[in-house]
Structure formats: C-alpha cells, structure tokens
Amino acid sequence: MGGLIKSSIARKVAMALSGLFLVFFLLQHFTINFTSIFSAETFNELSHFMGTNPLVQFVLQPVLIFGVIFHFVMGFILEIKNKNARAVKYAKYNGGANASWMSRNMIYSGLVVLAFLGLHFYDFWVPEMVHKYVEFAPEDPSRYYHELLEKFVSPVRTGLYVLSFVFLALHLWHGFASSFQSVGFNNKYSVGATKFAKAFAIAIPLGFIIIAVVLHLNHNH
Amino acid sequence: MNLTLKIWRQKDAKSQGKMVDYQISGIEGDMSFLEMLDVLNEDLINKGEEPVVFDHDCREGICGSCSLQINGEPHGPDRLITTCQLHMRKFNDGDTIYIEPFRAKAFPVVKDLMVDRSAFDRIQHAGGYISVNTSGNTIDANAIPVNKENADDAFAAATCIGCGACVAACKNASAMLFTSAKVSQYALLPQGQVEATERVLAMVNQMDEEGFGNCTNTGACEIECPKGISLENIARMNREYLKASVKG
C-alpha cells in the first residue's frame, strides 16, 4: 500500500478523481447559482436548504473542503517532482509545437483558481460560518439573494470573478478531458467524452460569468 | 546553405556545460542532420579542435540511438522521424539551429550531446519480458490464437525503439509513453498474461525510482514519438497498474 501511495500512477489517478469530484461539485454550484438570475425565491429556497441541511453542512461540506485541499496540495507535490525531473533546462524549448498552452500551464491556471477560492471564501463562506456558528444569528430564509447581490456591486470584484472564471475554463479545458485518460479511459468513446469535457469547460465558466455580470447589472438598475 | 549552430558542449558528466556557437557553410539540402554534424566535426578535427560527441548507429531510423533536441524539439521539427532521417532541406540558409542533448535527470549527459539512457534498460529489465522455456521444446507462438485487433495494437506498441524522445519532449521528463509501450506489447497478448501483475508493478516502480517526472497528459510525447506510439498505451498501463495494485 505504501508503494501505491508513492507511485506516480496512483497520484495521477488521485488527481483525476479529486478533479472529477470538483467538476461534479461545480455543476451543482452552477445549477443553484443560475437560479439567482431569474428567480430570487428559488435561489433563496435552495440556498436555505444547502445552508441548513445537516448532511450538506456536516458531511458534504467537509468532504468538499478536503477534496479542494487534496487537489491543490497534490498538484503542488507533483509540480515540484516534475520540475526536479529536469534539473538542467533547455536553452530552447518549443513546448507550443506539441502541446497546448492549457496543458502546459495547469499550475498557473490552478494558482489563479486557488487565489480566487481565497477571495470567494472571504466573500461568502467565512461570513456564512460566522453568521451561523459564531454569532448564532437567527435564520432568515430570504436573506441569501440580497447578500449575493451586495457582493457584485463593485465592478472591480465582478471583474475579478470574471477573470477567475476565464482561468477556470483554461484549467478545465485540459483537466476535465485529461482525467479520463488518467483513470485509464481511452477507447472508442473517448472522442465523444473529450468533446463533452471541452464543451463543459467552456459552458460552465461562461455561465458563471453571465451570472456575475447579470447580478452586477441588476444591482445597478 | 550557411548556418549558425548553437551546440551544447560538456567535457564529461561532472563538468558544467555551455552552449557554443559554430558557423558552418556548404551544407546541402539532401544531407541528413547527422551528416551535417559529420561535416562540422571534420572541420573541427582539421582545425585541431575536439569534435562534438553525439549518439548514432544505424542511421536509418531503426536503432533509436540518435537523440538530439533540435530547435526545442526532439529529433527536430519533422514528425514520425528520428534525427538521422531529418534532412537539411527542412532548414533555410542563414538559420540558427539550437542542438542540445535530451534533458532529464534520469538521462545524465555523458559528453556533449550524448546522454546515458540506461534508465530505459533498467525499466525493461524490471519486467519487460516473458519467461519462456527455450531448452529446445519451445511452443510456436502462432499456435495460440490472438485477436487481430490486439495483435495489431501489440505490434504497434512494440515498434517503440526506446530513443527517449518522449522523455525529452515532455515538460515533466516523464517516461510514461516508453514504459506503457513496453507494458502494452505484452499485456495485449496471451503470452504476456501470466506475468502481467508483477510486470506492470515492477516496471512502473523502476520508472519512478529512476527519477522521471509524472505524466500530465499534455500529449507532447505522442506528437514527438518517431514511431507514433499512441497515448492509448498510457491509459492501458494505468488500467493494468490499478488492476495489479488491487490484486497485489
């Protein structure tokens, strides 16, 4: 078992599985957020459920946080190992001739997404935790939409969210499709699966961008 | 054709190397890249300088000896060829060409452009074989029926010449394509099944021990491989490895 944990393939599979888990979470997060641009009531109901359901709060939330931490810590470990595998750099390295920019720069797109998570936690998760588990404030099921809208008043913050979603798209463009290969899935269905993954990589971040921009405009009108 | 060559010169494994500029003239388009280096070396010898050391053997794309990172790509800008099959017509008069050894911690430089690729041999030794009784009563391999598709895939994997271009191209210096080709050529055939579990575990373990990087699925190895070894082999090795790990 010790050998398995150290093995390059096991680590690669672990990266893929944690990434797939986060992709699944992203879809769920997007679905709830998307309701905010056409129905504040639905958004409030869903947010109230997610914010108060014990299974979501005390089981799924810790699993998600573990998944995020695992994915980026393992990403750093692999990046350091990979950098060490070529001690002397090439004087000329034409990486663009045989691999996409996205695939070669996952660490940078990932770092931008990680920085965004810091901002996102500061905006939503930390106040939510303080509200519920520090101040023990009484629950108001209609508070969520207004709190959300407040965050998108600033054009700078909205711009930062939009920029982060662009990097999320770049990260997903390689990461999602690549995870199939990592878990050993490469057969006649791979072309279709890759197309789906690439479409997802564009559609979901674009959807998040639309949500951020619409909320920003809603507040200003 | 007149060219400027920027070549990595390194006295031995322990010395610091550096890029050195050379001017070369009278190069014809029909010359191979290695013949161009032969011309350079003759010039250097005539001038009393030490010639550039580089690996080569068959000069017909079979042996996998010639390496060289040319203008940032293993075996140069062309596809599905080795350096000995690269012709100077791919370059233009006045070009500057960077020539470096394949770079990886697991491929230490021996001298100039020659690297030690024996890490590949050790991966192969770890499990890239089948145990067959060769005492005179060997069973004809063709006596065992093999699915045509599997036979073709095994043959395609077996065309890997172990040149190391996959490692040189990979931004992580990963040897996954090489190792997976060697695992696949046996995993796909009935003769390889008996030792399948031990083979993949031992070969991957050896690959990791040699200090190669991890695969991040950039696909650079497949593009630069002179034999067109497919990424499907890496997916197959991943499956084989996971299966073997569960079996123990």
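In case you missed it, the structure is sitting above this.
What counts and how
Residues numbered from 1 in each chain as written. Chains lettered and ligands numbered in written order. Predicted model: local features only at pLDDT ≥ 70, side-chain atom pairs only at ≥ 80, totals over all residues. Heavy atoms only, no water. Helix = DSSP H or I, 4+ residues; strand = E, 2+ residues; numbered from the N terminus. Buried < 20%, exposed > 50% of the residue type's maximum accessible area, 1.4 Å probe, protein only. Contact = heavy atoms within 4.5 Å. Areas by Shrake-Rupley, 256 points an atom, 1.4 Å probe, with all protein chains shown as cover. Lys, Arg positive; Asp, Glu negative; His and termini not counted. Charge placed at Lys NZ, Arg CZ, Asp CG, Glu CD. Phe/Tyr/Trp six-rings, centres within 6.5 Å; stacked < 30°, edge-to-face > 60°. Lys NZ or Arg CZ within 6 Å of the ring centre and 35° of its normal.

## Thoughts on the overall build of chain A
Within chain A one finds nine helices and zero strands. Of the regular secondary structure in chain A, the N- to C-terminal order runs α-α-α-α-α-α-α-α-α. Overall, chain A is about 55 × 40 × 40 Å in size when its C-alpha atoms are taken along their principal axes. Counting every position in chain A, which comprises 221 residues, the buried fraction comes to 43%.

## So, the overall build of chain B
Helix and strand counts for chain B come out as eight helices and seven strands. Looking at chain B as a whole, 52% of its 248 residues qualify as buried. Taking as baseline every contact in chain B between residues at least 6 positions apart, the subset at least 24 positions apart corresponds to 69%. Surface summary for chain B: the accessible area is close to 11000 Å², and the carbon and sulfur share equals 49%. Considering chain B, the positive charge centre built from 24 side chains and the negative charge centre built from 34 side chains are found 5 Å apart.

## Considering unusual backbone geometry
With a phi close to 50°, A:Phe136 is a non-glycine residue in the positive phi region. Relative to the helices and strands, A:Phe136 is located in the loop between helix H6 (106-134) and helix H7 (144-151). Phi is positive for B:Leu80, which is not a glycine, with a value near 60°. When you line up the elements, B:Leu80 lands in the loop between strand E4 (73-74) and strand E5 (96-100).

## Regarding the packing of aromatic side chains
Applying the stated criterion to the full structure yields 23 aromatic pairs over all chains. An aromatic cluster is defined as three or more aromatic residues linked by ring pairs; in this entry it consists of A:Phe30, A:Phe34, A:Phe38, A:Phe116, A:Phe152, A:Tyr161, A:Phe165 and A:Phe208. Over the ring of B:Trp8 we find B:Arg103, and its NZ or CZ is 4.0 Å from the ring centre.

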